[in-house]
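Below are the chains, spelled out letter by letter.
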Amino acid sequence: MAYRWKNDLTRADATPRALFASRRQVLAGLAASGFATPALALGRSDANTLEQIRSYNNYYEFGFQKEEPAKHAGALVTDDWRVEVGGLVDNPGSYTLEDLIGGLTVEERIYRLRCVEAWSMVIPWSGVELADVLGRIGVQDGARYVAFETVLQPAAMWNANARGMDFPYVEGLRLDEAMHPLTLLATGIYGEPLANQNGAPIRLVVPWKYGFKSIKSIVRITLTAEQPITTWTRIDANEYGFYANVNPQVDHPRWSQATERPVGVGLFGGRRDTLMFNGYDEVAPLYAGMDLRVDY
Ligand SMILES: Nc1nc2c(c(=O)[nH]1)N[C@H]1C(S)=C(S)[C@@H](COP(=O)(O)O)O[C@H]1N2
Ligand SMILES: [Mo]
């Protein structure tokens, strides 16, 4: 049974109060109806292997080549991890991982990851819904966006001074996107803790958006009134938009987004058609009234 979230969760201008109230309604409905699965139902048998997921990565702080993060990310220090929570929140502070997500429901979610470079993988994440974390930190009235920042460890991140990029890597979501039940803070893959190259110890996963939105190794979460700056819009806003929803009808200026290459299907696997919102149709109401050619 596929769920549909048609309610105030999908209103871009909704206040934090309204978003949390409608979320409670939805959760009550789900409890009554039994269970729910995303519109795009994938199983572990559809997923890439752990070996593939850990060896073909984008984590530019560790190099631009796909095999470089696996080679170099071992140097990342993830002990005693802290996430600084601030901005328009009731409970700002320096959170341990236990403070941030301890006691929340950890779920396995098998999502397709569609990179803006036109390849894709299927990854069995484990993680918590970002909305649960936002509930814990207390979103204040006036907050409309969530900004995220990746750790910066120059000793380990040999490529963090790469020309044309400006680290730490930063990303952001509109509050209703952040509150959507598909949006995860992931801590594992195939039930194992995240490998450093996949964004240990905690990273964002937003399956209907291009992969660059799913920021790794998060050390800062800030609730803001204004749309935050993001690494890729700063590099080239004409090529990489803030929304970055997967959209086969809006091409990247330098290549088509109509199809994608599934990683690891072998020589004869061929390309597949890219789906609107990467197949996660239930998010469409988030963008009602928006022109996704303008807000790409
Ligand atoms: N900090 C940081 N986060 C990042 C990136 C990065 O370079 N640095 N790359 C992004 C891109 S372009 C993609 S496609 C995904 C890849 O995630 P994976 O390597 O775990 O498959 O991570 C995203 N998160
Ligand atoms: Mo990507």
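The rules behind each value
Residues numbered from 1 in each chain as written. Chains lettered and ligands numbered in written order. Predicted model: local features only at pLDDT ≥ 70, side-chain atom pairs only at ≥ 80, totals over all residues. Heavy atoms only, no water. Core = buried A, V, L, I, M, F, W, Y, C linked by side-chain atoms within 4.5 Å. Buried < 20%, exposed > 50% of the residue type's maximum accessible area, 1.4 Å probe, protein only. Helix = DSSP H or I, 4+ residues; strand = E, 2+ residues; numbered from the N terminus. Contact = heavy atoms within 4.5 Å. UniProt positions renumbered as here; feature names shortened; annotations may be inferred. Near = heavy atom within 4 Å. Polar contact = N/O pair within 3.5 Å; in protein donor to acceptor, adjacent residues only side chain to side chain. Areas by Shrake-Rupley, 256 points an atom, 1.4 Å probe, with all protein chains shown as cover. Nonpolar A, V, L, I, M, F, W, Y, C, P; charged D, E, K, R; others polar. Pairing = 2+ DSSP bridges. Salt bridge = Lys/Arg side-chain N within 4 Å of Asp/Glu carboxyl O.

1. Concerning the nonpolar core
Counting 85 residues, the largest nonpolar core has L134, I137 and L223 as the members making the most contacts within it. The dominant element in this core, judged by the number of residues it contributes, is strand β4 (residues 119-129), at 6 residues. Apart from residues no more than four positions distant in its own chain, L223 is found in contact with G86, G87, L88, V89, L134, I137, V139, A143, Y145, V146 and L175.

2. A word on the UniProt feature "binding site: Mo-molybdopterin" (unreviewed entry) in the protein chain
In the numbering used here, UniProt assigns the "binding site: Mo-molybdopterin" (unreviewed entry) feature to N57, Y60, E61, C115, T150, N198, R203, S214, I215 and K216. Setting aside anything within four residues of it in sequence, one finds Y60 in contact with E117, N159, M165, F167 and W232. The residue T150 is located in strand β5 (residues 145-150) in this model. Overall, the relative accessible area of 1% leaves T150 in the buried class. Once residues within four sequence positions are removed from consideration, T150 is found in contact with Y59, E61, M157, P168, Y169, I215, K216, S217, I218 and V219.

3. A closer look at the site of ligand 1
Inspection of the region around ligand 1 gives 16 residues, with N57, Y60, E61, T150 and K216 positioned closest. A distance of 2.8 Å is found between an oxygen atom of ligand 1 and a backbone nitrogen or oxygen belonging to Y60. Against a free-state accessible area of 540 Å², the protein chains account for coverage of 99% of ligand 1. Class assignment for the residues of the shell around ligand 1 results in 7 nonpolar, 6 polar and 3 charged.

4. Topic: the pairing of strand β11 (residues 259-262)
Judged by which residues are buried, β11 turns out to be one-sided: E260 and P262 face inward and are buried, whereas T259 and R261, on the alternate face, are not. When β4 meets β11, the two strands line up parallel, connected through 2 bridges. From the neighbouring strand, S120 faces β11, where its bridge partner is P262. Of the pairings in the sheet, the one linking β11 to strand β12 (residues 272-273) comprises 2 bridges and is antiparallel in character. The partner of E260 across the bridge, within β12, is R272.

5. Quick word on the pattern of salt bridges
The full count for this structure, using the stated rule, is 16 salt bridges. Here R23 makes a salt bridge to E129, at a shortest N to O gap of 3.0 Å. Residue R23 is found in helix α1 (residues 16-33), and its partner E129 is found in strand β4; the two are separated by 106 residues along the sequence. Taking relative accessible area as the criterion, R23 reaches 7% and is therefore assigned buried. Across the salt bridge formed by E260 and R272, the nearest N and O atoms sit 3.1 Å from each other. Residue E260 is found in strand β11, and its partner R272 is found in strand β12; the two are separated by 12 residues along the sequence. Judged by its relative accessible area of 25%, R272 is partly exposed. Residues joined by salt bridges that share partners form a network here, namely R23, E107, R109, E129 and D132.

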